Amino acid sequence: MNRYRAWILALALVPAAILAVGEYWSTRETDALIAETWNRQVDGILYSLNQQAYDWAANRAGDLESRLRRGEPAAGLPARGSIRAVLDARALRGLGLTEAEAEALGRDLGQGYRRFISRPGGMADLLALGFAVDTGEPTPRVVGFLIDKNRFIAEEMEAALRLVGSQGLGVGIFAVVDGAPVFRSRPFEVATTDIRRPFWLMPDYELAIDTEGDRLQAWARARLWRSLGLIALVGLVLGGGLWLVFKTVRRESELARLKSDFVANVSHELKTPLALIRLYAETLELGRVPTEAKRLEYYKTIGQETERLTHMIRNILDFSRMEAGKTTYRFAPTDLTALLARLADMYAPVFERAGARLTTELPDTEVVVEADADALTEALLNLLDNALKYGKPGNRARLSLLKDPIRIQVRDEGAGIAPEAIPHLFDPFFRAESSLVQETKGAGLGLALVKHIADAHGWPIGVSSSPGAGSTFELVVQSGVTNR
Ligand code: ADP
């Protein structure tokens, strides 16, 4: 059984695992591809923003260069837009531009590239931008702009930033030191995005992009959730199927075991009394019984064993009829008080012969209900039979008819029933696994019949039992009650 279980588990789980891993990898690959495409795209956007700022500065520097070539004095040149002032080399040095940096600017210009070096402009919001110009002199001159940063961003960058922002992305310029926003196309914090690049022209600022709400990202996320959901669903379906298979296989094999036990039990039970009857009958026939008392005892035993066989065969026949759905019940007004009294009269001697006692607790009035008297008698006989079989020697059993609500109880002082056996008691062929039960004769059909009869009447049946202290079976009579 355990081997089968492992196989079934492997059969169902291996494909599920392969599917899950495959789906996971394909999702990861797609995600990587999306991320790569995305990064390239975003890089492009940020690069072009940086480029735009650089171009602006380069244009202005070019303008200044032409003016200087024409001999206009640097300091006297008019400030325009976000350029507050034009600075000469000395002013730049005053703002912290080193000699080495100034030389480097000249060298780069000689190689055809105009570099800008920025320094804080002395006041907040001001930035000094140093660069070299070729004025026709033997060495390039270093000059600079004093730029109003806020105005520069508003006049030169904002339009481009807004354009990017209109395409579903958030874009912004933030201070590097504390992440304070300088410009944002929509509210977002620089800390919540990883797409950040230095702002070339103004190193104390950075550019950032927020992808929240982007369609591609949203699609990728939705896809991931869909895949995960699908995997979970497949897992659930497989797990559910597995569970069902388990249950069915377990039930089937349990049933097969119960049936084979049943056949063994029944054969044993038919053989023993038959052997006994034959032995006693032969002994009597041969006249080998010495005393009259002994002879009477033999007759009694033959009678008892025949009774037991009849009961057993009736149970089997009833059960097979019940299984085939051919049982018919005939309901009629039945006085339970009288029925139980008759039953106790009939069965008390059986208890006495076995050294036990059967007492009753019956009302003094009639309790008339709609019932099939024969079937009910059969059910109660089975309960009494169990009370006797599973009772201790000297056991006192009690058959009661109680009111409010009306119910029939069969109580014994036997070994009781283990709690784990209780849910299966009424299953066909079920016999609890205890030494007492093993020693006791039975086919495990009695309670299944009782349950069938109770169901046919629409009466709930319950059992309460504490191991060692006995059991109580209770039929709750619910319908058709007429009290007289
Ligand atoms: P059988 O008595 O032929 O085994 P039943 O269907 O009547 O079959 O009972 C099923 C099982 O329930 C018994 O094998 C026994 O383990 C348990 N059982 C039933 N009645 C009692 C009882 N009064 N006390 C203890 N165990 C009981």
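Residues numbered from 1 in each chain as written. Predicted model: local features only at pLDDT ≥ 70, side-chain atom pairs only at ≥ 80, totals over all residues. Heavy atoms only, no water.

Quick word on the packing of aromatic side chains
Thinking step 1. This structure, assessed with the given rule, holds twelve aromatic pairs.
Thinking step 2. Here Tyr47 and Trp200 contribute two aromatic rings whose centre-to-centre distance is 5.3 Å and whose plane-to-plane angle is 80°, an arrangement assigned as edge-to-face. Here Tyr47, found in helix H1 (residues 2-69), pairs with Trp200, found in the loop between strand S7 (195-198) and strand S8 (205-210); they are 153 residues apart in sequence, far enough to count as distant.
Thinking step 3. Judged by its relative accessible area of 49%, Tyr47 is partly exposed.
Thinking step 4. Between Phe426 and Phe473, the aromatic rings sit 6.4 Å apart at their centres with planes inclined by 85°, giving edge-to-face as the arrangement. (Phe/Tyr/Trp six-rings, centres within 6.5 Å; stacked < 30°, edge-to-face > 60°. Helix = DSSP H or I, 4+ residues; strand = E, 2+ residues; numbered from the N terminus. Buried < 20%, exposed > 50% of the residue type's maximum accessible area, 1.4 Å probe, protein only.)

Focus on the domain arrangement of the protein
Thinking step 1. Per the domain assignment, the segments of the protein are domain 1 (1-213) and domain 2 (328-483).
Thinking step 2. Computed over C-alpha atoms only, the centres of domain 1 and domain 2 are separated by 91 Å. (Domains from an automatic or database assignment.)

With respect to the environment of Trp56
Thinking step 1. In this structure, Trp56 sits in helix H1.
Thinking step 2. Residue class for Trp56 comes out buried when judged on its relative accessible area of 8%.
Thinking step 3. Sequence-distant contacts of Trp56, that is, excluding residues within four places in its chain, are made with Ser82, Ile83, Ile147, Phe152 and Glu156. (Contact = heavy atoms within 4.5 Å.)

Regarding the nonpolar core
Generally speaking, a soluble globular protein has its nonpolar side chains buried in company with each other.
Thinking step 1. Membership of the largest hydrophobic core comes to 43 residues, with the highest contact counts inside it found for Leu336, Leu380 and Ile408.
Thinking step 2. Looking at this core, the elements that each hand over two or more residues are helix H7 (336-353), strand S11 (367-371), helix H8 (373-389), strand S12 (396-402), strand S13 (407-411), helix H10 (446-457), strand S14 (461-466) and strand S15 (470-476).
Thinking step 3. The biggest single contributor to this core is H8, with nine residues.
Thinking step 4. When near neighbours in sequence (up to four residues on either side) are disregarded, Leu336 contacts Val367, Val369, Leu376, Leu401, Ile406, Ile408 and Val477. (Core = buried A, V, L, I, M, F, W, Y, C linked by side-chain atoms within 4.5 Å.)

A look at the sheet that holds S14
Thinking step 1. Read across the open sheet, the five strands follow the order S10-S12-S13-S15-S14; overall the sheet is mixed. The outermost strands of the open sheet, each flanked by one partner alone, are strand S10 (357-361) and S14. Averaged over all pairs of adjacent strands, the angle between strand axes in this sheet comes to 15°, irrespective of strand direction.
Thinking step 2. When S13 meets S15, the two strands line up antiparallel, connected through five bridges. (Pairing = 2+ DSSP bridges. Axes fitted to C-alpha atoms, helices over the stretch in contact; angles between N-to-C directions.)

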